[in-house]
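# Results of the structural survey
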Amino acid sequence: MPIVQLDEHLIDQIAAGEVVERPASVVKELVENAIDAGASRIEIATAGGGKTLLRITDDGCGIPEDELRLAVRRHCTSKLAGGLDEIATLGFRGEALPSIGSVAKLSLRSRAEGAAGAFEIAVDQGRCDGPRPTPLSRGTVVEVRDLFHAVPARLKFLKSDRAESSAITDVVRRLALAEPEVRFEISGPDRTPTVFEAARDMTERIAQVVGQELRDNAVAIEAEREEIRLTGLAGLPTFSRGNSLQQFLFVNGRPVRDRLLVSALRGGYADVMAKDRHPVAVLFLTLDPALVDVNVHPAKADVRFRDPGLVRGLIVGALRQAFGEAGLRSSSEGTAGILTRMRAKADTVTPAPRRFEGFAPGGYAPSAPARPRPFDPATAAFRPFATAETETVDHVLEQPPFASPPEPRRASSGFAEAETAYHAEAAPVTTPTPESAAFPLGAARAQLHGNYIVAETDSGLVIVDQHAAHERLVYEALKQAIHGKGLAAQMMLIPEIVDLPADDAERLCEHAEALQRLGLGIERFGPAAIAVRETPAILGQTDIARLIRDLADELAEFGTADTIRSRIDHVAATIACHGSVRSGRILKLDEMNALLREMERTPSASQCNHGRPTFIELGLNDIEKLFGRR
């Protein structure tokens, strides 16, 4: 078959296959054009999930009459005056309007700022009609009807009207987050109208789009490294979702779904969130346009950074620092769920038929409670961890966190014995000093079911999962002991040779010094192989070839070598899980208070190594509402 020049209409349809994937793709391109035109109000109307009708109305600067025909021709744009290294707009290729016009019926009405009138142009299957005068007060109106009518086969790959409408809403939500000063409105017979009013600041816009819950259950992120700035909100580790739809990532105001950024986000939550859960976050990355290439994906959803390792390190480091500085914070979702269930049960309770008149004569009257002993860290059964300078792994593992559990009481049959046993159990629930309740986690009052510590604070009460809490404490102490100095390495009797592509071997050798500090000793063995002479002792028997290949893949994709550190941390987490206080362990009052104080001093103590919360908090106001006092 001879080589021939394709006609313009077929070229436009091929381009549409890359740019116009579904109705949401059309909305994205057209709304981005409206934002680039300086619009302050953008209205999106849809019908049939966007397959029947899409109408985008804005109050931007408009398009002059003599430029309307150019606007619907391929590779005609006003946004590349500074070249590809100085892209400051959302759109820049000049492909959207001609691609849409090749697969749908396109109508474009616009009135340029300061012009005496408005003009309209229509495009159907690549044929252009106009411009001609039309009534319009200001801005631009783009109407797209019968999407893919020119290529009916594409319609078979679209989803239901509801699914396509949902995809359009998601696109608008992401663009609304990027432009808080713009008012967005989505309406149509196939949906419930949604309005995002112009916001005063980004925090208000996040509350509008993502919800007030994120603002109440998030930490503020603000970090900068080598002229790359990261801002936004990151949800608490205990405020998570079952999918990644609530992750909003932006580069220079452009919504993206870049693998590097998603991986960095997961890395920031690696120690504090379960692997089957996904964080909720709104993060904005701002950097020099020359340091990022946005022209690597037809829909501009992916970007490429000049220094991916720097970007990843900034995101991971900023998230971990923010969680460490946030102190003890638990998600309000757990508290809200408890209150809902308690209210539901309270509604089914039948009121008592008569008032309680007091104990009968000769009834039981408890004697004065025993006075608790003041907490002394030097003599307490729970010994807080030593400082990082003196801590070692062996010391952490050998340190007994609590005294031996008390011997079980014998079954009693006499009244006197039962009363004695009652007083023995009363000691843990005696009233501590008022100063104790002023701590963030308050003062321990009791232990329930051998696993949950109930503590009183100035503003309510706290319930702590003793196993999850102590697991986090042991894990953090182990990490300090492990990473506080060079890791012990285990010399291999016979070095293991791992065959790799030459590029991967070169990258590994460039990071040999950093890997040595983690206990992994490697050296070049020919042009396409690595000799492994030492491995981290804490890993024990491991698949060395797989470890090396995973490191090579990570270096190739992200420019970092976090795999080995994450494996070491996984070993530490396993040790912490098996070495921490087990459920069912009966604790004394000073042991419970010592655990609470150590939680207050330990970073990321709000959740265990598996991402479960270590405590929940009930405010006094919530408790009073349950009893009808408010």
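This section reports on the structure supplied with the text.

Here is what the cut-offs are and how they apply
Residues numbered from 1 in each chain as written. Predicted model: local features only at pLDDT ≥ 70, side-chain atom pairs only at ≥ 80, totals over all residues. Heavy atoms only, no water. Pairing = 2+ DSSP bridges. Helix = DSSP H or I, 4+ residues; strand = E, 2+ residues; numbered from the N terminus. Axes fitted to C-alpha atoms, helices over the stretch in contact; angles between N-to-C directions. Contact = heavy atoms within 4.5 Å. Buried < 20%, exposed > 50% of the residue type's maximum accessible area, 1.4 Å probe, protein only. Polar contact = N/O pair within 3.5 Å; in protein donor to acceptor, adjacent residues only side chain to side chain. Expected span 1.5 Å × (residues − 1). Parallel < 35°, antiparallel > 145°, perpendicular 65-115°, else oblique. Left-handed = near helix turned anticlockwise from the far one by under 90°. Nonpolar A, V, L, I, M, F, W, Y, C, P; charged D, E, K, R; others polar. Patch = residues over 30% accessible without salt bridge, like charges linked within 9 Å, V, L, I, M, F, W, Y side chains within 5 Å. Areas by Shrake-Rupley, 256 points an atom, 1.4 Å probe, with all protein chains shown as cover. Salt bridge = Lys/Arg side-chain N within 4 Å of Asp/Glu carboxyl O.

A word on the sheet that holds strand β5 (residues 127–134). A sheet is described by the order of its strands in space; here 8 strands give the open sequence β5-β4-β3-β6-β2-β1-β7-β8, paired in mixed fashion. At either margin of the open sheet sits one strand with a lone partner, and together these are β5 and β8 (194–196). Taken pair by pair, the neighbouring strands of this sheet meet at an average axis angle of 10°, ignoring direction. Taken together, the 3 bridges between strand β7 (residues 183–187) and β8 define a ladder with antiparallel strand orientation. Within β8, the position partnered with Phe184 by the bridge is Phe196. On the sheet, helix α2 (residues 23–36) packs against β1 (41–47), β2 (53–58), β6 (139–145) and β7 and is oriented at approximately 10° with respect to β2.

Okay, the side chain of Gln607 next. In this structure, Gln607 sits in the loop between α19 (589–601) and β24 (615–619). Among the residues examined, Gln607 registers a relative accessible area of 3% and is labelled buried. A distance of 3.2 Å separates a polar atom in the side chain of Gln607 from the backbone oxygen of Ser604. Residues in contact with Gln607, not counting those within four places in the same chain, are Pro237, Thr238, Val272, Arg472, Arg612, Pro613 and Thr614.

Another point: helix α10 (residues 308–325). Counting along an α-helix, one turn takes 3.6 residues, and residues three or four places apart therefore face a common direction. The end-to-end C-alpha distance of α10 is 26 Å, a good match for the 26 Å that 18 residues give at a rise of 1.5 Å each. Backbone geometry just after α10 places Gly327 at a positive phi near 70°.

On to the packing of helix α9 (residues 259–268) against α10, then. Packing of α9 against α10 leaves a shortest axis separation of 8 Å and a crossing angle of 30°. In terms of orientation, α9 lies roughly parallel with respect to α10. The crossing of α9 and α10 is right-handed. Within the contact between the two elements, α9 uses Leu260, Leu261, Ser263, Ala264, Leu265, Gly267 and Gly268 and α10 uses Pro308, Val311, Arg312, Ile315, Val316, Leu319, Arg320 and Phe323. Of the residues belonging to the contact of α9 with α10, the class tally is 10 nonpolar, 3 polar and 2 charged.

Here Ser187 shows up in strand β7. As a C-alpha pair, Ser187 and Thr46 span 141 residues in sequence and 6.5 Å in three-dimensional space. Beyond its immediate chain neighbours, meaning those up to four positions away, Ser187 contacts Ile44, Ala45, Thr46 and Pro193.

To continue, consider a nonpolar patch on the surface. On the surface, Val4, Leu6 and Leu10 cluster together to form a nonpolar patch covering roughly 240 Å² of accessible area. You can see Leu6 is positioned in the segment before α1 (8–19). Exposure remark for Leu6: the relative accessible area of 37% places this residue in the partly exposed category.

Turning our attention to helix α4 (residues 96–103). With respect to burial, α4 is a largely interior element, 8 of its 8 residues being buried. Turning to α4, its buried residues number three or more, namely Ala96, Leu97, Pro98, Ser99, Ile100, Gly101, Ser102 and Val103.

Pairing is mixed in the open sheet, where 5 strands are placed in the order β9-β10-β15-β12-β13. Of all the strands in the sheet, the pair left with one neighbour each is β9 (218–225) and β13 (254–256). Taken pair by pair, the neighbouring strands of this sheet meet at an average axis angle of 20°, ignoring direction. The pairing of β9 with strand β10 (residues 228–235) spans 8 bridges and is classified as antiparallel. Counterpart to Ala218 in the pairing with β10 is Gly235. Of the strands in this sheet, β12 (247–251), β13 and β15 (281–286) are in contact with helix α6 (residues 161–178), which crosses β12 at around 50°. Seen against the sheet, α9 touches β12, β13 and β15 and runs at an angle of roughly 125° to β12.

On to the environment of Ala552, then. Looking at where Ala552 falls in the secondary structure, it is placed in helix α17 (residues 544–558). The buried category is assigned to Ala552, whose relative accessible area is 1%. Once the C-alpha coordinates of Ala552 and Pro501 are considered, the two residues, 51 residues apart in sequence, prove to be 9.5 Å apart.

This part covers unusual backbone geometry. Note that the residue after Gly130, namely Pro131, is joined by a cis bond; omega there is 10°. Residue position: Pro131 is located in strand β5. In this model, Phe148 sits at a positive phi of 70°, which is unusual for a non-glycine residue. Tracing the backbone through its elements, the reader meets Phe148 in the loop between β6 and α5 (152–155). Residue Phe148 is classed as buried on the basis of its relative accessible area of 0%. At Ser604, a residue that is not glycine, the phi angle is positive and equals roughly 60°. Structurally, Ser604 can be placed in the loop between α19 and β24.

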